[in-house]
Structures are given as structure tokens and as C-alpha cells.
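So the chains spell out like this:
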Amino acid sequence: MRKNTTTVLATLAAAVPALAQQEKPNVIVIVADDLGWGDVSAYGNTTIHTPNIDRLATEGVCLSDGHAASATSTPSRYALFTGMYPWKNEQAKILPGDAPLLISPQQFTMPRMFQQAGYATAAVGKWHLGMGIGKIDWNSHIAPGAREIGFDYSCIIAATVDRVPTVYVENGDVVGRDANDPIYVNYDTPFPGEPTALTNPELVKMQWSHGHQNTVVNGIPRIGYMKGGERARWKDDEMAQYFLDRSCWFIDSVSRLNEPFFLYYGLHQPHVPRTADPRFAGSTQLGPRGDVVVEADWCVGQIIKKLEESHLLDNTLIVFTSDNGPVLDDGYEDGSRDTRFMHDPNGSLRGGKYSLFDAGTRVPFFVYWKGHTRHVNSPVLVSQQDLLASFGQLINQPVPDSLDSKDMLDTFLGQRMKHRDDLVVEASGRLAYRWRQYALVPPYRGPETNETGNELGVVSDWALYDLLADPTQHTDLARQKPALLRRLKRQFLQQVSGYYNPDREQETLK
């Protein structure tokens, strides 16, 4: 155990006042990275078996129309933690690894709400919400960060696995940093004499397909340039175990203190680069992407096992979901495109990551609380950003009326079939609209696909789809239902007044 463990335990103990701690349930939110609606067997996929994730679905509430707020990572997580539509914040877009903290320390957040209710809080895993105030010095304490928005403990990566810096940051400090080998990061200019995928291709073990041609770490070329910090750099195939261990350590720590806890557990799978632990490499016929999905499922199973062994499962509400839809080729030639005829991560939905079509934001979404949720296959429209207000109801905490989050607790617990009234979804600043079973996609200009091959949801005129009758979104009803089209356009434009721009360009992948 690292030297700051005692300090962290003391902090956790001080964070929670002495009260009847277990009157309120523990809460764990597990967010996978780029996992598609069709990637889990709970929805009928037969090519990848995910028994542990399926358990949450088959013993809890299986939401078949549950959405992330965005088709990309940073804005999706922003909405989860703040309960606000990400398109209302111009900075809520895919962030580089050296971006400043996106969420204001003065902002109302999910973890801070749990703190106010007497919970110990932790963030472990994928972060991608920025840290610091700009021009980060990775060789000293970094703030503001997770602690300043409500997490007592954090062990995270700054951005994505394919971006520098390739280091873990625990409670604002790089793990294993060495004053004699300082870390430098730059997203614009390479460091003189430092090898990249272009200058030293012989170092590359995983070939890049687009955008990933900068600093090489562990034989994998990344986005951005990094120098130094050799001892602090992570080993990609050990990351799943590392974050699982930190999550289990936190659960053990707070259970010994008899404290209720809130844990955000950000899985890095199946985001690129896909590097499964050797225990899972080759476990599917779908290459690295299939293997890391199986690895992620195992991680979920280990969390459930830890709760069972600690006699905490009966009093822990677990949410499992994904930050956005799937993508096969997101920058590396790992063979994933070749598997598309064997396995459809979209589950027949149209689009995927980066897209305004349904597979961009419709994601796996399950809620399980042993003894409290009954198994329900729920077709109702819900959003991840509704978790904040719903958790507020669960733990009897007020939330600001100004939030876009809606209290859907009865729906999440399977006690009602209450739809969200409507939902604005986002992809790279572009917006689309959901109302009941209908999807309205506004016109935008630009290419219909990006480098990944995913459709972006670019249509030349207003398009209307009935997802109940046509889940693949290939029948445009705009001409057949003009009255409904006018109504949904009016509702959409009223909500997004000042934000919808048909000239909005797709973000450049880099």
C-alpha cells in the first residue's frame, strides 16, 4: 500500500459524520468507455458473453432506451456529474490530456451532493474532464481536480488511454513521479530528439490508422507529445487490474469505517488502444475489442464479488452504463473492422460514437439493488443526466431547480414506467431531439462520416424517425407526418434557442 494510504483513510473518516451510516444505500456508478448497445448479451447479443453485466440486467432494471447525454466522452461525463446538458457549456467537448478542469469547483455536482448527505466519495478510472487551470505542471500537486468537485479520493487518468500523459493521478499527484525525470506534455509541438511514430516507426507494435502518430509508449503511438516520467508510465495491459484494485481498496476502507459510500468507477474498455490482460487475450474470436469487453465484464463481476464478500451487496445500488456508443476503428489497426460481419456493437441501431443517430447515445443501461429492484425490461426514455436528481431523491438531498436532470428514481428502480418528457442529445456540439419513440434529426452541413467510418447523423433536411417501428432509422417520416414534424421542430427549437446552428462543423479527430 502506498505511503499516503493512512492520510486517505483519515480523510475518508473525517469526511463522514458519525451517524447511522447504513440508513442510506451505497451507490456505485460504473461507466464503460465506448461500449455499444449491442456489445452486452443482456440485449440479445450472442457473440460476446457478458454474464456479470447481464446479472445486473436480469436481476435489476434493464433499460432498453437509456441514453448518454452525448455521443462523445467528455460532454457525456460532464452531464452525468452536473445534471446539465453539455451543449450549454461551449467547453464541454472532447478534451486533450492537458486541459483545465471543465467543471467549476463552485458548480453543483453529484459527488458533492453525496458528500453533503454524509457519504465518502471516490472517483476511480477514466476521467476526461480536465484538471488544473491550464499549463499543468505534472511534477507537482495538480489542482483543482476531482477533490474540488466533491470526490474525497480519486485515482484517475487525465483523459483517454490513447492520449498523453500516460500516468495515473492519485489525489492530484502523479503516481510514481520522479523529480530527477520530470514529465512534460505538449499537444502542439514534439519535443526535440524524442521519438514519435513517424520518426521512429520501429518502436511501434500497434499500428495506427489515423490520428495516433505522436509519442510512443509501450509500443503504442498516442495522441500528443510526452517527455520524461519513465517510472510513472502505466502498463496498458495492467490497467484493468490496477483500477479494480483501487476500487476494491476504497470499498474495503469505507466498509471498515462503517461509512456509506459513492463510487464512480470509470472503466477504460473498450476504448482504444485495446490491450487486454494476458488472462483475457484471445478469449473471443473478435480480436482485441472483444477481449477487452470480456475483461470489462470480469471487472464488474469482481466488484459484485467484493460487495458480496463484504456483506454490502444488499445495501448497494449499482448502475452500469457507457459514456457513448461504439466505434470499431478509432485510430488503430487492431482488426476490429474485420469483425463487423461477425458482431454488431450497435445492436442494429444506426450511427455509433460521434453520431446523432440513435447508436451515438443509446447505450447499455442497467440498475440493480438487491432486494429493492425487481427485474423489469423497461422501454422508457431516460438519460444518464437524470441520475443526479434521482439520487437526490434516493438520499433525501435537494437539487437546484435549474438543472436539466429529472427525478426518475421510480423508473430506475423499476417501480414505474415513467418516460422522460423529451431529450436533446449531442454529438460534437451538434444536436438532435427525442420525444417518446420519435427521433428528430436537424439538418447539418458537412461529410456524412468521419475517419472512423461511423455515420455522423448529417442529413440535408429535417428527418423524422419512429424508433419503435424502425429502430434502424432508415425510414424518414418527415413527409408522411408533417403535423408531427412541425410540432417536434417547434419543441426542439424552443429548447435549444441560441444553440442550434446548422453550420456547426464536426470536431476534428486528433
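Note that the coordinates shown come from a computational prediction; the quantities given were computed from them, not determined experimentally. (Residues numbered from 1 in each chain as written. Predicted model: local features only at pLDDT ≥ 70, side-chain atom pairs only at ≥ 80, totals over all residues. Heavy atoms only, no water.)

Caption draft 1: A look at the overall build of the protein chain. Of regular secondary structure, the protein chain possesses nine helices and 18 strands. Expressed along its principal axes, the backbone C-alpha trace of the protein chain runs to roughly 70 × 60 × 45 Å. Carbon together with sulfur atoms contributes 48% to the accessible area of the protein chain, which is approximately 19,300 Å² in total. Here the protein chain contributes 49 positive and 60 negative side-chain charges, whose respective centroids are spaced 4 Å apart. (Helix = DSSP H or I, 4+ residues; strand = E, 2+ residues; numbered from the N terminus. Areas by Shrake-Rupley, 256 points an atom, 1.4 Å probe, with all protein chains shown as cover. Lys, Arg positive; Asp, Glu negative; His and termini not counted. Charge placed at Lys NZ, Arg CZ, Asp CG, Glu CD.)

Caption draft 2: Expanded view of the packing of aromatic side chains. This model, assessed by the stated rule, comprises 28 aromatic pairs. The interplanar angle of 75° and the centroid separation of 6.1 Å between the aromatic rings of W127 and F151 together place this pair among those described as edge-to-face. Separated by 24 residues along the polypeptide, W127 in the loop between β3 (120-126) and β4 (153-157) and F151 in the loop between β3 and β4 bring together distant segments of the chain. The burial state of W127 is the same as that of F151; both residues are buried. Pairwise contacts between aromatic rings join F81, F114, Y119, W127, F151, F262, Y264 and F391 into one cluster. Positioned above the aromatic ring of W298, the side-chain terminus of R279 is 4.7 Å from the ring centre. One residue, R350, lies across the ring of F357, its end atom 4.0 Å from the ring centre. (Phe/Tyr/Trp six-rings, centres within 6.5 Å; stacked < 30°, edge-to-face > 60°. Buried < 20%, exposed > 50% of the residue type's maximum accessible area, 1.4 Å probe, protein only. Lys NZ or Arg CZ within 6 Å of the ring centre and 35° of its normal.)

Caption draft 3: Quick peek at the pairing of strand β12 (residues 316-322). Burial within β12 is extensive, with seven of its seven residues counted as buried. Direction of pairing for strand β1 (residues 26-32) relative to β12: parallel, over a ladder of seven bridges. Paired with N26 across the strands is T316, a residue of β12. As paired elements, β12 and strand β13 (residues 365-368) share four bridges and run antiparallel to each other. The partner of V319 across the bridge, within β13, is V367. (Pairing = 2+ DSSP bridges.)

Caption draft 4: The arrangement of the sheet that holds strand β15 (residues 423-427) in detail. Strand order across the open sheet formed by four strands is β15-β16-β17-β18, with antiparallel pairing between neighbours. At either end of the open sheet lies a strand with only one pairing partner, and these are β15 and β18 (463-466). Averaged over neighbouring strand pairs, the angle between their axes works out to 25° when direction is ignored. Relative to strand β17 (residues 438-441), strand β16 (residues 430-435) is paired through three bridges, and the arrangement is antiparallel. Along β17, the bridge assignment pairs R434 with A439. Lying over the sheet, helix α9 (residues 482-495) contacts β15, β16, β17 and β18, oriented at roughly 125° with respect to β16. (Axes fitted to C-alpha atoms, helices over the stretch in contact; angles between N-to-C directions. Contact = heavy atoms within 4.5 Å.)

Caption draft 5: Geometry of the nonpolar core. By size, the foremost hydrophobic cluster in this structure holds 62 residues, and its most contacted members are W127, W138 and F391. Sort the elements by how many residues they give to this core and helix α7 (residues 386-394) lands first, with four residues. If sequence neighbours within four positions are ignored, W127 has contacts with R77, F81, L101, A146, I149, F151, I156, I157, A158 and A159. Core analysis: the next-biggest nonpolar cluster, separate from the first, contains 56 residues, Y153, L244, A276 and V292 among them. (Core = buried A, V, L, I, M, F, W, Y, C linked by side-chain atoms within 4.5 Å.)

Caption draft 6: Geometry of the state of the cysteines. The tally for this structure, following the rule as stated, stands at zero disulfides. Considering cysteine sulfurs only, C248 is the nearest to C155, which forms no disulfide, with 13 Å between them. Take C155: its relative accessible area is 0%, and that puts it in the buried class. (Disulfide = S-S within 2.5 Å.)

Caption draft 7: Region of the structure containing the confidence of the model for the protein chain. Scored by pLDDT, the protein chain has a mean of 95; 95% of the residues are at 70 or more. Residue range residues 16-22 is modelled with pLDDT below 50. Its contacts to residues more than four positions away, or to other chains, number 15 contacts. (pLDDT = per-residue confidence, 0-100.)

Caption draft 8: Main features of the packing of helix α2 (residues 51-58) against helix α6 (residues 287-309). Where α2 meets α6, the axes come as close as 7 Å, and the angle between the chain directions of the two elements is 60°. With respect to α6, the element α2 is oriented oblique. When α2 is examined against α6, the residues P51, N52, I53, R55 and L56 are found in contact with a partner set consisting of D297, W298, V300, G301, I304 and E308. Classifying every residue of the contact of α2 with α6 by side-chain character gives six nonpolar, two polar and three charged. (Parallel < 35°, antiparallel > 145°, perpendicular 65-115°, else oblique. Nonpolar A, V, L, I, M, F, W, Y, C, P; charged D, E, K, R; others polar.)

Caption draft 9: Molecular detail of the environment of P443. In this fold, P443 is placed in the loop between β17 and β18. C-alpha separation for the pair P443 and L484, spaced 41 residues apart in sequence, amounts to 17 Å. Those residues in contact with P443 that lie beyond four places of it in its chain are V459, S460, D461, W462, Y500 and P502.

Caption draft 10: The arrangement of the packing of helix α5 (residues 239-256) against α6 in detail. Across the interface, α5 lies against α6 with an axial gap of 10 Å and an inter-helix angle of 15°. By the angle class used here, α5 and α6 are roughly parallel. Between α5 and α6 lies a crossing whose hand is right-handed. Between α5 and α6, the contacting residues are A240, Q241, L244, S247, C248, I251 and D252 on the first element and E295, W298, C299, Q302, I303, K306 and L307 on the second. Per-class residue counts for the contact of α5 with α6 are eight nonpolar, three polar and three charged. (Left-handed = near helix turned anticlockwise from the far one by under 90°.)

Caption draft 11: Spotlight on the pattern of salt bridges. The tally for this structure, following the rule as stated, stands at 27 salt bridges. A salt bridge links K370 to D314, with the shortest nitrogen-to-oxygen separation between them at 3.6 Å. Of this pair, K370 sits in the loop between β13 and β14 (376-383) while D314 sits in the loop between α6 and β12, placing them 56 residues apart in sequence. With a shortest N-O distance of 2.9 Å, R350 and E455 are connected by a salt bridge. On the criterion of sequence distance, the pair formed by R350 in the loop between β12 and β13 and E455 in the loop between β17 and β18 is long-range, its members being 105 residues apart. Residue R350 is classed as buried on the basis of its relative accessible area of 17%. Take E455: its relative accessible area is 27%, and that puts it in the partly exposed class. One salt-bridge network, in which partners are shared between bridges, spans D33, R77, K126 and D323. (Salt bridge = Lys/Arg side-chain N within 4 Å of Asp/Glu carboxyl O.)

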